[in-house]
Amino acid sequence: MTAVATTEATRPRIGSRLLGVIRRSPTFAVGFTIVGSFAVLAILAPLIAPFGAIEAYPFEVLRSPDGKYLFGSDGNGMDVFSRVIYGAQYAFGIAVPAAILMLLIGVPFGLYAGYVGGLTDEILLRIMDVVRSFPSIVLALAVVAATGQSVVNVVLVIGLLDSPIFARIVRSEVLALRSSPFVEAAVAAGNPTWRILFVHLLPNAIRGATALIAVRMAWAVRISATLAFIGVGIQPPTPEWGAMIRQGAEYIISGEWWVATFPGLALVGVVLGFNLLGDGLQDLLDPKRRTAAR
Amino acid sequence: MTLRQFLLRRVLLVIPILFGITFITFMLVRVGDRDPVAMLAGPLADRQTLATLRTEMGLDRSFWEQFAIYVGKLIQLDFGKSWESNNPVIVDIANRLPASLELLLIAMLIGAAVGIPVGLRSAQRPNGAFDQAARFVSLLGFSVPTYWFALMGIFIFFFKLGWAPPPMGRIGLDAIPPPDVTGSYFIDSLLVADWSAVHSSGTRLVLPVLIFSVIVAAPIIKHTRAIALEVLSSDYIRYARASGLSPFTVRRIALRNAFTPVLTFVASELTGLLAAVSLLEFIFAWGGMGQWGLNAILNSDFAAVQGYVLTLALFSAVIYVMVDIAVLMLEPRSALKA
Amino acid sequence: MSLLEVENLHTHFITRDLGNRIRVATALNGVSFAVGEGEVVGIVGETGAGKSLTAMSVIGLLPPAAKVVAGTARFAGDDLLAMSPATLNRLRGDQITLIVQSPKTSLDPLKRIGDQLVRIQKAHRAVSDDEARRNAVEMLATVGIPDPEQRARAWPHELSGGMAQRVLIAMALVNGPRLLIADEPTTGLDVTVQAQILDLLMELVQARRLAAMIITHDLGIVAHYCHRMAVMFAGRIVEQGKVADIFKRPAHPYTKALIASTPKQIAARGYAKVGGLPPNLYALPSGCHYRDRCPEAEAACTTEPPLVTVRDGQRALCHVVARGTRVQ
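Residues numbered from 1 in each chain as written. Chains lettered and ligands numbered in written order. Predicted model: local features only at pLDDT ≥ 70, side-chain atom pairs only at ≥ 80, totals over all residues. Heavy atoms only, no water.

Q: Hey, could you run me through the overall build of chain C in this one?
A: Within chain C, the secondary structure is distributed over 13 helices and twelve strands. Taken against the 2.2 N^0.38 rule, which gives 20 Å for 328 residues, the C-alpha radius of gyration of chain C at 21 Å falls within 12% of a compact globule. Taken along the three principal axes of its C-alpha coordinates, chain C extends 65 × 50 × 45 Å. Across the 328 residues that make up chain C, the buried fraction comes to 55%. Here the contacts in chain C between residues at least 6 apart in sequence split such that 64% fall between residues at least 24 apart. (Helix = DSSP H or I, 4+ residues; strand = E, 2+ residues; numbered from the N terminus. Rg over C-alpha atoms; globule rule 2.2 N^0.38 Å. Buried < 20%, exposed > 50% of the residue type's maximum accessible area, 1.4 Å probe, protein only. Contact = heavy atoms within 4.5 Å.)

Structure (C-alpha cells):
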C-alpha cells in the first residue's frame, strides 16, 4: 500500500489529472480509448493486417471465419479482417479533414456574423434555416452523386454541409461575449476587428464547439459510410466499411453473415467512440454538470 | 394578430426556405458532369437528335431562364417526368409516399412511446444507474447505421430463426394487395377484412418497424432527458416545491411544461427520418418514396431527384407550420404575438 | 419561546472537481438565531455570506450538492431538519411561506395566476373550488392588484415584474402562514417599484402580526422595516441585535464597515472601506473569518472568536469586542 502511495505521489501531475478525468467521466474515458485504439489500427494497419487490403484469393471466396481468415473472406476472396483494419484509415481519413474543413469555414463565418451582425448574420441565419430544415443525408447524396465519386468530394461535401452548425454555435457564443468588458476593452485599446475576432473572441467562443467536434466527426464517419453503402461515394474494392457492408448485403440472406457484420461492427465502434467522446467532453466542460457529487 | 394572420405569416416565412431548396436542387442537376441529353438519347444518337432534344427540353436557354421556367412549372405542381418510369414525377410520389409514411409513422409512435418515458425517467436521477444505461443505449442507437442494423435483423430473424418473412416488399406473393384507400397495405386490408393480406402485410411490417423504432427512439431519449433536466431546474419547479405542492403535483407541472418542447422536437425529427427510412426501404425492397428517391439519385433521374428533394422540403415545411399551430394552442406565452 | 429557533446550523457543499477530488465548501459554519412571533428579522451580508442558504437549509430546499451536516431549526418547537420530507412539505407554502427574487420565472408559466392561487390552497387544506377562488380574488385585491376578478385570469407572462411580485405575496399569504421568508424580494424590480412592494409587504406582515425573515444586502431595507437584524459573514452570524442598537453602536468591525458604506454615511464621512474579496469557502482561515480584511485584527484573531453580549440582546462574534466587554 505504501509503495503504491509513493509512486502515486511521484507521478507527474498530468497523470493524476488524467486518472481523475477517467473517474469523473467514464464516458469520456471509454470513448477516448475506443477512438484511440482505432486510430492506432489505422496508423499501424500495414503492420497488423495479415493480408493486403485488396489482396484477392479467387479460390478462397466466402470462407467462414477461421484461423487463417479471422473474419472470413469476402466474395472476391479478400480477407475481411485485413480490410476492416485498413477501413479505419478511411474513417479517419475522411472524418479528420472534414472536421478541419467544418471549422475552417464555420468558425470565421460565425465569428464575423456574431460580432458584426447585419447582412452577414442575416445570410448565415437563412442558410442555417435551409440546411437545418433539410435532411443532410439527402443533400449529401445528391451532391456527391452529381459531382462524382471521389474521397475528396465526400470530404468537401461533409465539411460544407456541417460548417453552418459550427458557424451557428460560434455565433451565439460571440453574441453573448460581444458586449463583455474584455471585448470592449480590446476595442477601446484600438485593436483591429480581425484581431478582436481571432485573438480575443475565438479562444472564448471555441469552447462551446469543442464537444461538438467529436459528435460531428461521428456523423462524418457515419455519413461517408452511408454514401458508400448506397453506392455513391467511395467504391469497392476500396476497403471502406460502408462499401464493404454493401458487398456483404447480398450474402446476408444466404447466410454468409461475416462479410457485412464485421465492417459494420467496426463502424459502430468508431461512431460510438466519437459520440461517447463528445458526450464525455460535454460532461467535463460544463461546469454546471461538474458540481453535483454523486 | 388573428390566427389567420399568424398562419399566413408563418407560411410566408417558409417560402424563402423552399426557394432556397429549389435553387439548390436546380443547381445540383446542372453542376454534375453528366449531360442529361446525352444520357436520355443514348450513345448512338447523332448530333441533330441531340440538338432537337436540347431545344425540346429547354436546355439551350440561359440558366436563369431555365430556372424561371422550372419554378413556374413547380408552382403549377408540374414536377416533370421521370425518365425511369416515364410517369409524371408527382404521380410516382403520390403512389409511393404512403408506403414510406406507413413505416415512418408507426416507428415514430413506438419510438416516442418508449423514448419519452425513458428520457423523463433518466432526468429524475441524472447520472444514476438508469440514466447511465439509458444514455448508453441512446448513444448506441445514434451510432448504429440503419442499413447495417437492418441487415443484422434480417440475418437473425429471417435467416437464423425464421420468424420474419423474407425481406422483399410489403406483402407476400400469396396475398393480393388490397384496394387502395390509405395506401398502407396493412390498414387497407384490415378495412376490407382480407385476413390473409392483413397477415402477410402485417408480418412484413414488424421487422423494419422495430428496427426503425430503435433508430427513432435514440434522439428522443437524449432530448427528452435534456428538456426534462432544464424544466426540473427551473425557478417555477423550485417555487412549486417551496409552496409545498405534493411531489405528484410538482411532477405534473414539470411534465406539462416539458410537453411542448418534446412535441416540437419529435415533430422536427420527422423530416430527417423520412429521409433515413429510404435506407430501410432499400434493404427491405419496400417500394416506398425513399427507395424510389435513392434510385433516382443513383440513376441521375433528374426530374425525379428534384421531385424527391422538394417533397422532403415541402414535408418539412408542412411539419413546421403544424408544430407552430400546435405550440400556439398549447402555450399561452406564444398566444398570437410572435 | 420563539417561533423559529435556529441553532448551530452547519451546511456544506460537497462537490467534485475535474480531477474527481472531493471538495467541501463550508458555506454555513454554526448559524444561530431566532425569530419571535410577530417579529421581523433582517439578515444582511455580502454575496456568498450564506443568507439564502440559511433560509433554504431551514425549509429543506437545498440544491443537490448542499447538505446540512449539523444543527437544529425548531419551528413552533418541532425540528424542521429532523422531519420527514412529507411533513416538512406540508408546512411549506402553508405555515412557512417563501417570497423569492425572481417572481416572473417562479410562477408556473402554463397556469393562470388565479388557478395557481387556488392550487396552493387546495394543496394544504380542504376548501371548495368556489371558496378557494373567492379567497384568491380577495387576496389579489389585498395585494393591490386592480380589477382582481379579471386579473385572476391573466397568465404569468402577461404580468410586469412588480405585478408578479404582488402575486407571489398573495401566494405567500393566502394560506395564513405564521412565518414568512422573503429572499431578496425586490432585487429584480425597478427602484420605484421596490419601495411600493416593500411597503405593501410589511404593511400586510404587520397587520397579520406575522413573523418574517427578510434576506437582503440592502441595509436601508433593514433599517426601515425590521425589528432585529443579523449580520452574516462567511457562513456565520457575526453580529445580531435590535436594529436601532446596531445602527447606533455597531460592535463588530464588519458591521461597522457595512454601516459606514451606506450612501448616507459616505455622504457624511467620505468613503470607508469594506473592501476585499469574500473569503474562500473551500479553505476558510482559522479563527475569525473576517480577520484578513479586518482593520482591527490582532494576534488573538487566529483563534476561534468568542460570542460577546455587548448590551441587551446585542451579541457579536469577535475578539476585539471581547476585550472591551465581558465574555459571555
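Q: Sorry if this is basic, but what is going on with the interface of chain B and chain A here?
A: Accessible area lost upon the coming together of the parts is a frequently used measure of interface size. Each partner contributes to the interface: chain B provides 43 residues, whereas chain A provides 45 residues. When chain B packs against chain A, the two sides together hide about 3900 Å² of surface, and 74% of this comes from carbon and sulfur. Connecting chain B to chain A are one salt bridge. Among the salt bridges present, the one from Arg 135 of chain B reaches Asp 279 of chain A, with a minimum N-O distance of 3.0 Å. Along the contact surface separating chain B from chain A lie seven residue pairs in polar contact (both at pLDDT 80 or more). Sorting the residues of the side of chain B that touches chain A by element identifies α1 (3-31), α6 (129-143), α7 (146-160), α11 (247-284), α12 (289-298) and α13 (302-330) of chain B as the ones contributing at least two each. Of the residues contributing to the side of chain B that touches chain A, the split by class is 34 nonpolar, six polar and three charged. (Buried area = accessible area lost by both parts, 1.4 Å probe. Salt bridge = Lys/Arg side-chain N within 4 Å of Asp/Glu carboxyl O. Polar contact = N/O pair within 3.5 Å; in protein donor to acceptor, adjacent residues only side chain to side chain. Nonpolar A, V, L, I, M, F, W, Y, C, P; charged D, E, K, R; others polar.)

Q: Whenever I open this one, the nonpolar core confuses me. Can you help?
A: Proteins that are soluble and globular tend to have nonpolar side chains buried together. Counting residues in hydrophobic clusters, the biggest one holds 138 residues, and the most contacted among them are Ile 158, Trp 241 and Phe 274 of chain A together with Tyr 147, Phe 212 and Phe 284 of chain B. The leading source of residues in this core is α11 of chain B, at 18 residues. If sequence neighbours within four positions are ignored, Phe 284 of chain B has contacts with Ala 150, Ile 154, Pro 167, Met 168, Gly 169, Leu 207, Pro 208 and Ile 211 of chain B. The next biggest cluster of nonpolar side chains, apart from the first, holds 99 residues, and it includes Ala 27, Leu 180, Ala 212 and Cys 294 of chain C. (Core = buried A, V, L, I, M, F, W, Y, C linked by side-chain atoms within 4.5 Å.)

Q: Hey, could you run me through the pattern of salt bridges in this one?
A: Two side chains of opposite charge can pair, provided their charged atoms sit close to one another. All told, the structure shown has 22 salt bridges over all chains when counted by the stated rule. Between Glu 39 of chain C and Arg 228 of chain C there is a salt bridge, and its shortest N-O distance comes to 2.7 Å. On the criterion of sequence distance, the pair formed by Glu 39 of chain C in the loop between β2 (22-35) and β3 (40-44) and Arg 228 of chain C in strand β9 (residues 228-233) is long-range, its members being 189 residues apart. In this structure, a network of salt bridges that share partners links the residues Glu 60, Arg 63, Asp 66 and Lys 68 of chain A.

Q: Looking at this structure, how should I read α7 of chain B?
A: Helical geometry note: an α-helix holds 3.6 residues per turn, so side chains three or four residues apart project in the same direction. All names here are of chain B. With 15 residues, α7 ought to run about 21 Å at 1.5 Å a step, and its terminal C-alpha atoms sit 20 Å apart, in line with that. Of all the residues in α7, the buried ones are Thr 146, Tyr 147, Trp 148, Ala 150, Leu 151, Met 152, Gly 153, Ile 154 and Phe 155. Taken from the residues just after α7, Gly 162 is the one with a positive phi, measuring 70 degrees. (Expected span 1.5 Å × (residues − 1).)

Q: Explain the sheet that holds strand β1 (residues 4-16) of chain C to me, please; I cannot follow it from the model alone.
A: In sheet architecture, strand pairing relies on hydrogen bonds along the backbone and comes in two forms, parallel and antiparallel. Residue and element names in this part refer to chain C. Judged by pairing direction, the sheet is antiparallel, and its four strands sit side by side in the order β2-β1-β4-β5 without closing on themselves. Only two strands of the sheet have a single neighbouring strand rather than two, namely β2 and β5 (78-79). Taken together, the eleven bridges between β1 and β2 define a ladder with antiparallel strand orientation. If you follow Ile 14 over to β2, its bridge partner there is Val 24. The strands that helix α1 (residues 51-59) touches are β1, β2 and β4 (66-75); relative to β1, the one it contacts most, it runs at about 105 degrees. (Pairing = 2+ DSSP bridges. Axes fitted to C-alpha atoms, helices over the stretch in contact; angles between N-to-C directions.)

Q: Teacher, can you tell me more about the environment of Met 152 of chain B here?
A: As for its placement among the helices and strands, Met 152 of chain B is situated in helix α7. In sequence terms Met 152 of chain B and Ile 90 of chain B are 62 residues apart; their C-alpha atoms lie 34 Å from each other. In contact with Met 152 of chain B, not counting residues within four places along its chain, are Ile 252, Ala 260 and Thr 261 of chain A.

Q: What am I meant to see in the sheet that holds strand β12 (residues 314-317) of chain C here?
A: Residues and elements named next belong to chain C. In spatial order, the strands read β6-β7-β8-β3-β9-β10-β12-β11; together these eight strands make up an open sheet with mixed pairing. Strands at the two margins of the open sheet, each flanked by one partner only, are β6 (96-99) and β11 (307-311). Neighbouring strand axes in the sheet, compared pairwise and without regard to direction, differ in orientation by 20 degrees on average. Pairing analysis gives six bridges linking β9 to strand β10 (residues 236-242), with the strands arranged antiparallel. Each residue of the ladder has a partner; that of Ala 230, found in β10, is Gln 240. Of the strands in this sheet, β9 and β10 touch helix α11 (residues 253-260), which is tilted by about 105 degrees from β9.

Q: Is there a simple way to explain the packing of aromatic side chains in this structure?
A: Each pair of aromatic rings is reported with the distance of its centres and the angle of its planes. Using the criterion set out here, one finds 23 aromatic pairs over all chains in the structure. When the centroid spacing of 5.7 Å and the interplanar angle of 75 degrees are considered together, the rings of Phe 19 of chain B and Phe 67 of chain B count as edge-to-face. Taken together, the residues span a long stretch of sequence, with Phe 19 of chain B in helix α1 and Phe 67 of chain B in helix α4 (residues 63-75) at a distance of 48 residues. Assessed through its relative accessible area of 46%, Phe 19 of chain B is described here as partly exposed. With relative accessibility at 6%, the residue Phe 67 of chain B sits in the buried group. A centroid spacing of 5.1 Å and a plane angle of 65 degrees characterise the contact between Tyr 254 of chain C and Tyr 290 of chain C, whose relative ring orientation is edge-to-face. (Phe/Tyr/Trp six-rings, centres within 6.5 Å; stacked < 30°, edge-to-face > 60°.)

Q: Please clarify how a nonpolar patch on the surface should be interpreted in this entry.
A: Residue and element names in this part refer to chain B. Where nonpolar side chains cluster on the molecular surface, the patch consists of Ile 106, Leu 109, Ile 110, Val 114, Val 206 and Leu 210 and spans about 500 Å² of accessible area. Sorting elements by how many residues they give to the nonpolar patch places helix α5 (residues 89-124) first, with four residues. Turning to its location among the elements, Ile 106 is positioned in helix α5. Accessibility expressed as a relative area gives 31% for Ile 106, which makes it partly exposed. (Patch = residues over 30% accessible without salt bridge, like charges linked within 9 Å, V, L, I, M, F, W, Y side chains within 5 Å. Areas by Shrake-Rupley, 256 points an atom, 1.4 Å probe, with all protein chains shown as cover.)

Q: Quick question: what am I supposed to make of the state of the cysteines here?
A: Disulfides are covalent bonds that link the sulfur atoms of two cysteine residues. Residue and element names in this part refer to chain C. All chains considered together, the criterion is met by zero disulfides over all chains. Counting only cysteine sulfurs, Cys 301 is the nearest neighbor of Cys 294, a cysteine outside any disulfide, at a range of 6.1 Å. For the unlinked cysteine Cys 301, the closest cysteine sulfur is that of Cys 288, found at 5.8 Å. (Disulfide = S-S within 2.5 Å.)

Q: How should I be thinking about α11 of chain B in this particular structure?
A: All names here are of chain B. Over its 38 residues, α11 extends only 47 Å from the first C-alpha to the last, a length that falls short of the 56 Å expected when each residue adds 1.5 Å. Along α11, the sharpest kink reaches roughly 35 degrees, centred on Thr 271. Ala 285 sits one or two residues past α11 and shows a positive phi near 45 degrees. (Bend = angle between axes of the 7 residues up to and from the residue.)

Q: Would you mind showing me how to read the confidence of the model for chain C here?
A: If pLDDT is low for a region, its predicted coordinates should not be looked at in detail. For chain C, per-residue confidence averages 89 on the pLDDT scale, and residues scoring 70 or more make up 94% of the total. Across the interfaces of the predicted complex, the ipTM metric reaches 0.90, alongside a pTM of 0.85. (pLDDT = per-residue confidence, 0-100.)

Q: Which parts of the structure should I look at to understand empty space enclosed by the protein?
A: To find leftover empty space, one rolls a probe the size of a water molecule over the atoms. Across all of its chains, the model carries seven cavities of 30 Å³ or more by this definition. Lining the second largest cavity are Tyr 236, Tyr 239, Ala 240, Ser 243, Leu 245 and Ile 253 of chain B together with Ser 106, Asp 108, Gln 116, Arg 119, Ile 120 and Met 171 of chain C. Contributing elements (two or more residues each) for the lining of the second largest cavity: α10 (235-242) of chain B together with α4 (113-124) of chain C. Within the lining of the second largest cavity, the residues separate by chemical class into seven nonpolar, three polar and two charged. (1 Å grid on protein atoms, 1.4 Å probe; cavity = no way out; pocket = protein on both sides within 12 Å on 5 of 7 lines; lining within 4 Å. Points joined across faces, edges and corners; volume = space filled by probe spheres on them.)

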